[in-house]
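# Commentary on secondary and tertiary structure
Residues per chain, in single letters:
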Amino acid sequence: ARSSAGDNEGGVKKGGGMWESIFGGGKEEQSSTSTSLSSSSSKKKKKKSDDNANEEVKQNRQGVLNLFTLLSTRYTSMEEKQQLAILFSLISKPELQPVKEIKGLLGEIDNGTIAEIQLEVEDVLGDSDISRDYFRLSSRQGGGFASSDAQVISIEPPAPLGDDYRPAKIQTIMKPTSRILRINVVDGGEGYPVAPDVIVKQSGVSRQCEAVAIIDRKGSVSEVIVLNPGFGYGGSTARGQPTLPTVEFRERIFARQKKKKSNNGSSPKKVKPAKAVVELEYQVAGATILDGGSGYSFDSPPDVKISLPATDPDWFVAPNIYGQSMDEDENQFIAARVTKIKRGGSGVILDTDAAMRGGIGQRVTRDILRTVLRDPVALLPPSVRPELSIDKGAAFYSIKSLPRPPSKDVILPSNYRSIDPLFGGIGRAPVTKNQVTLSADQYSRLALSGAICTVLVRTALNPLELVKTKVQLGNDEEIIQYAREKAGVKSESSQPEDKPALGTTQVIQSLIEVRGPLSLFQSADVTFLASVVFGLFGFGATELFRRAFSAVFFDEAAAAANSPNEFVLLTAAGVATVLTCAAASPFELLRVRSMAQIENEGVKEIFDGFVDQNRQKRGMKTTSTSATAASASSSAMVATKGLQLDDIKPFWSSFYPIVSRELPFAVTKFLVFDLAAGNIAGLINNSNMMGSDTKIQVGVGSAGLLLSAFSGALAGIAGAFVSHPADLILTLTSASSRQEGEEKDWRVIVKELVSSDGGVLNLYAGFPARAVFFFLVIGAQFFLYDYVKTLLEVGTDDLTLVLDVFYAIRQGL
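Scoring rules and cut-offs
Per chain, residue numbering runs from 1 following the sequence as it is written. Only residues with pLDDT of 70 or above have their local features reported here, since the model is predicted, and side-chain atom pairs are shown and tallied only from 80 upward, although totals for entire chains, interfaces and linings are computed over all residues. Hydrogens and water molecules were not included; the side-chain quantities draw on all heavy atoms of the structure. Secondary structure is summarised from DSSP: a helix means a run of H or I of at least four residues, a strand means a run of E of at least two, and numbering begins at the N terminus for each. Categorising residues by exposure relies on relative accessible area from a 1.4 Å probe, with only protein chains included: less than 20% of the type maximum marks a residue as buried, more than 50% marks it as exposed, and the intermediate range marks it as partly exposed. Contacts are assigned to residue pairs that have any heavy atoms within 4.5 Å of one another. What sets the accessible areas is the Shrake-Rupley method with a 1.4 Å probe; for residues, cover comes only from the shown protein chains. Expected span of a helix: the number of residues minus one, times 1.5 Å. When two rings of Phe, Tyr or Trp (its six-membered ring) have centres within 6.5 Å they constitute a pair, described as stacked for plane angles under 30 degrees, edge-to-face for angles over 60, and tilted for the intermediate range. Here the rule is simple: two strands pair whenever DSSP picks up at least two bridges between them. Here the nonpolar core consists of buried residues drawn from Ala, Val, Leu, Ile, Met, Phe, Trp, Tyr and Cys, with membership extended through side-chain atoms lying within 4.5 Å. Of the grid points, spaced at 1 Å and generated over the protein atoms alone, those admitting a 1.4 Å probe that cannot get out make up cavities, while open sets with protein on both sides within 12 Å along at least five of seven lines make up pockets; any residue with an atom within 4 Å of a point is treated as lining. Grid points are joined across faces, edges and corners, and a volume is the space filled by probe spheres set on the points. In protein, a polar contact requires one atom able to donate a hydrogen and another able to accept it; more generally it is a pair of N or O atoms within 3.5 Å, and residues adjacent in sequence count only if both atoms are side-chain atoms. Patches were defined on residues exceeding 30% relative accessible area and lacking a salt bridge, with like-charge contacts within 9 Å and nonpolar side-chain contacts (Val, Leu, Ile, Met, Phe, Trp, Tyr) within 5 Å. In the sections that follow, a salt bridge refers to a side-chain nitrogen of Lys or Arg positioned within 4 Å of a carboxyl oxygen of Asp or Glu. Fitted lines through C-alpha atoms give the axes, limited to the stretch in contact for helices. The angle between two N-to-C directions lies from 0 to 180 degrees. Note that the term roughly parallel is reserved for angles under 35 degrees, roughly antiparallel for angles over 145, roughly perpendicular for angles of 65 to 115, and oblique for everything else. Less than a right angle of anticlockwise turn of the near helix away from the far helix marks a crossing as left-handed, whereas a clockwise turn marks it as right-handed. Put simply, Ala, Val, Leu, Ile, Met, Phe, Trp, Tyr, Cys and Pro go in the nonpolar bin, Asp, Glu, Lys and Arg in the charged bin, and everything else, Gly too, in the polar bin.

## Structural notes on the overall build of the protein chain
- Broken down by element type, the protein chain carries 24 helices and 17 strands.
- Counting the 813 residues in the protein chain, one finds 38% classified as buried.
- When contacts within the protein chain are restricted to residue pairs at least 6 apart in sequence, long-range pairs at least 24 apart make up 76% of them.
- Summing over all exposed atoms, the protein chain offers an accessible surface of approximately 45000 Å²; the carbon and sulfur share of this is 55%.

Right, dumping it as structure tokens:
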């Protein structure tokens, strides 16, 4: 506006008298008006700009508070709260820093208790004794109170919120000053022609009180104004209580009034004397701590406030002292402050002056800075403590020993979304880690997911398992012979004595043609029970032990890594397998025996038959010796009654063979799955096949589920290959236990197989069917496992912690 006005003035001068002749010298008024409008417009623009800036600061501060709320809810230990206080003290702008919240964190950490409060009286007139006795300022030096004003000192509550922290409770110590505070009229009397003299009577007074009475039109005393409170009033009784002086209202009679009375001869009008009582002045002498409270900070002690009297005494005057006028709303010449705070845990008493002056935290040394620079996730030691400072009237926290961040611009690398000069780069995708500790409910849902997927898959693929068993045993002569005949016709072998190898498809076709489609689901009931146990313990226990071992034997970073340590995975899978085998041995034994039957039998018949067979081997007699099928069935039903320990033990006779089969299978399965899934996912993500911002995650989304299925299929083939010899031996051992005569030892069976034609390859009899079976089983199993986990809210996404603290802020939470 000034520049515009100057140009106009120049234009007038350059234009000569033309403008003056046209406008009659009004150009100066026009220039003044233009300047005024321009100035008004600039003010409006400036006000709008200031409003926008204030709104931006308000929004930014709200974002900081949202972030603080989010982090303080998640991180609750004392060390974590110390780190949060350090983190938010790095915000250098006082208007954005959550000062009150940082103070609350430090109060929770210190949990101090008020131990001492002291009064501080300012030397007003150069001599503290004289200053204290300067009665005109008494109500600004802790005085001016009546005896009924018992509580005039208040203390700030602790900054932390919650029921665990309580404010301190103090009792004000008051003492009389021997001055008159006020004189209260009890009875104004009547008939006073003029205001009576006010006499305050008490012996031993050092300075007499001066007061005047005010009367109304009726001659009654309406109030008494104390001009000088005097000194030395009160004395003391035997109990230490002050003695109140008395007040006399003495009527004043002038000479002309006496002369008028004598001339009239009439008796003077009788005056009813007024009555009043005295209130002595009390002043603050100290404070007694009734309860020190909790949650106070050592280097930021709470404020202690001394209240002003409700009304100032009549004799109060607020003079100019040293050329400065006094604020009538504050106690300028007396203050109270906390001088000592006791530590909540140890009980050590700290001096607040020393804590505020020298600090109580550790300094950030060069060694600490080098450590932080070397390790991007390293934190400052929790002993480092923010300190409260005041700058231009604004309070804020800072770590004074920490170097200021560089002011120059930092070049942004291509693999970062943004970069902070103090904290470093912010990646394009948030960092994630596995949730180490799970609740019992989460573990139960994981186990249920394993049971559901195992039951569905193994029941659906029961025909393959049945065919594998029949091929291994070769005891179903009808089906085997029929399948060989079909195979011989198709192969057109020139040597009839040769027995063509049986394929899985041929045996399945033979079963359907001879016994119908339902025969493919022989032993489905026992398979269901065994699958439930294997699924519950196999997956649930592996998750439990993997997380437990990671938390115990490795640090938090390794325990929460997305790719668990192979040693932990193998150990967890091994322990879980042994536990699973112990629980599933009876069911697996019954399943193999059921599949070894030529015709399908129910669970109860298989169970009863096994108990009866073992009793016969021990020389026990059943209730019937009939050889008919009906009698045998009846005998088995009776045998289940009154089960003894010797009847139960044989159900775990195949524990070691099952462990020898399941242990290598399970360990290989989980290891190959983890390695395959991790490497394939890494290869896809590193090649950006799904885009630079999209990363495939095992078990998450359609691509993740397909990856689980493919990795599981590879793991199934590998596990089947490693465990097949043990599976064959277990099948032959279980089948031999059904036959009459002595049961074969597994070592004898191995020797017979190896010594036969084919040698070691005999240990892999039926492997193709089993490989196909587990290729489908494990692939479908991991696919369904990850899918059911997602439905039950224990999927990979649900058990992954996303280290993106700004997510909630961006979402407006």
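## A look at helix α23 (residues 767-791)
- In this model, α23 (25 residues) spans 35 Å end to end at C-alpha, consistent with the 36 Å of a helix rising 1.5 Å per residue.
- The positive-phi residue at the C-terminal boundary of α23 is Glu793, with phi of around 65 degrees.

## Considering the packing of aromatic side chains
- Overall, the coordinates contain one aromatic pair when judged by the stated rule.
- Both rings, one in Phe68 and one in Phe88, keep their centres 5.2 Å apart while their planes meet at 70 degrees; by these two values the pair is edge-to-face. Here Phe68, found in helix α3 (residues 27-74), pairs with Phe88, found in helix α4 (residues 78-89); they are 20 residues apart in sequence, far enough to count as distant. Judged on exposure class, the residue Phe68 and its partner Phe88 are both buried.

## Overview of the pairing of strand β10 (residues 334-342)
- As paired strands, strand β1 (residues 113-121) and β10 are joined by eight bridges and run antiparallel to one another. Of the residues in β10, the one forming a bridge with Leu119 is Ala336.
- Both strand β9 (residues 303-306) and β10 contribute to a ladder of two bridges, which runs antiparallel. What sits directly across from Asp303, in β10, is Arg337.
- Sheet topology places β10 next to strand β11 (residues 349-351); three bridges connect them, and they run antiparallel. Within β11, the position partnered with Ile341 by the bridge is Leu350.
- In textbook terms, the turn of a hairpin is the stretch between consecutive antiparallel strands, and for β10 and β11 this stretch comprises six residues, one of which, Gly347, has a positive phi near 80 degrees.

## Section: the pairing of strand β12 (residues 387-391)
- Where β12 and strand β13 (residues 394-398) come together, five bridges link them in antiparallel fashion. If you follow Asp391 over to β13, its bridge partner there is Ala394.
- Connecting the antiparallel pair β12 and β13 is a turn made up of two residues, with Lys392 showing a positive phi of about 55 degrees.

## Re the environment of Ile117
- Within the secondary structure, Ile117 is located in strand β1.
- Judged by relative accessible area, which is 12%, Ile117 ranks as buried.
- With 171 residues separating them along the chain, Ile117 and Thr288 place their C-alpha atoms 8.0 Å apart.

## Here's the deal with the environment of Val471
- Considering the arrangement of structural elements, one finds Val471 in helix α11 (residues 462-473).
- A relative accessible area of 30% means that Val471 is categorised as partly exposed.
- Between the C-alpha atoms of Val471 and Gly766, which are 295 residues apart in sequence, the distance is 6.2 Å.

## Some words on the nonpolar core
- One finds Ile117, Ile180, Ile183 and Phe249 to be the most contacted residues of the largest nonpolar core, which totals 43 residues.
- The element contributing the most residues to this core is strand β8 (residues 275-291), with six residues.
- Ranked by size, the runner-up nonpolar core spans 33 residues in total, among them Leu461, Val467, Phe774 and Ile778.

## Quick look at empty space enclosed by the protein
- Considering all chains together, one arrives at two cavities of 30 Å³ or more under this definition.
- The volume enclosed by the largest cavity comes to roughly 300 Å³.
- Arg458, Phe534, Glu662, Phe665 and Lys669 are the residues nearest the centre of the largest cavity, which is lined by 27 residues in total.
- Put simply, the parts of the chain that give the lining of the largest cavity at least two residues each are α10 (440-460), α11, α14 (524-553), α16 (566-596), α20 (655-686) and α23.

## Quick word on the environment of Ala718
- Within the fold, Ala718 resides in helix α21 (residues 701-736).
- The spatial distance from the C-alpha of Ala718 to the C-alpha of Thr668 is 6.7 Å, given a sequence separation of 50 residues.
- Once residues lying within four places of it in the same chain are set aside, the contact partners of Ala718 are Thr668 and Val672.

## Points about the side chain of Ser531
- Within the secondary structure layout, Ser531 lies in helix α14.
- At 2.7 Å, the side chain of Ser531 forms a polar contact with the backbone oxygen of Thr527.
- Not counting residues up to four positions away in its chain, the partners in contact with Ser531 are Thr454, Val455 and Arg458.

## Examining the side chain of Ser723
- Here Ser723 lies in helix α21.
- Here Ser723 falls in the buried class, since its relative accessible area comes to 0%.
- A distance of 2.7 Å separates a polar atom in the side chain of Ser723 from the backbone oxygen of Gly719.
- Once residues lying within four places of it in the same chain are set aside, the contact partners of Ser723 are Arg661, Pro664, Phe665 and Arg770.

## Considering unusual backbone geometry
- Not every positive phi belongs to a glycine, and Asn111 is a case in point at roughly 50 degrees.
- Here Asn111 is to be found in the loop between α5 (99-110) and β1.
- Owing to a relative accessible area of 27%, Asn111 belongs among the partly exposed residues under this scheme.
- The phi angle at Glu793 is positive, at roughly 65 degrees, despite the residue not being glycine.
- Considering the arrangement of structural elements, one finds Glu793 in the loop between α23 and β17 (800-803).
- We classify Glu793 as exposed; its relative accessible area is 54%.

## Points about a nonpolar patch on the surface
- Among the surface-exposed residues, Ile717, Val772, Phe775 and Leu776 lie close enough to one another that they form a single nonpolar patch of about 310 Å² accessible area.
- In terms of residue count, α23 provides more of the nonpolar patch than any other element does, three residues in total.
- If you trace the backbone, Leu776 turns up in helix α23.

## What to know about the pattern of salt bridges
- Taken as a whole, this structure holds 18 salt bridges when the rule is applied.
- For the salt bridge of Arg370 with Asp367, the shortest nitrogen-to-oxygen distance reads 2.3 Å. Within this pair, Arg370 and its partner Asp367 are both found in helix α9 (residues 366-374), separated by three residues, close to a single helical turn.
- A residue is classified by how much of its surface remains accessible, and Arg370, at 41% relative accessible area, is partly exposed.
- Beyond isolated ion pairs, a larger network of salt bridges with shared partners links Asp110, Asp299 and Arg385.

## Some words on the packing of α20 against α23
- Their axes nearest at 13 Å, the elements α20 and α23 cross at an angle of 55 degrees. Taken together, the axes of α20 and α23 are oblique relative to one another. The hand of the α20/α23 crossing is right-handed. Contacts from Arg661, Phe665, Lys669, Phe670 and Phe673 in α20 reach Arg770, Phe774, Ile778, Gln781 and Phe782 in α23.
- Tallied by class, the residues present in the contact of α20 with α23 amount to six nonpolar, one polar and three charged.

## Some points on the packing of α10 against α23
- Contact geometry for α10 and α23: axes closest at 8 Å, N-to-C directions at 140 degrees. Our classification of the angle between α10 and α23 gives oblique. Crossing angle aside, the handedness with which α10 passes α23 is right-handed. Across the interface between the two elements, Leu446, Ser449, Gly450, Ile452, Cys453, Thr454, Leu456, Val457 and Arg458 from α10 touch Leu776, Val777, Ala780, Gln781, Leu784, Tyr785, Val788 and Lys789 from α23.
- Within the contact of α10 with α23, the residues separate by chemical class into 11 nonpolar, four polar and two charged.

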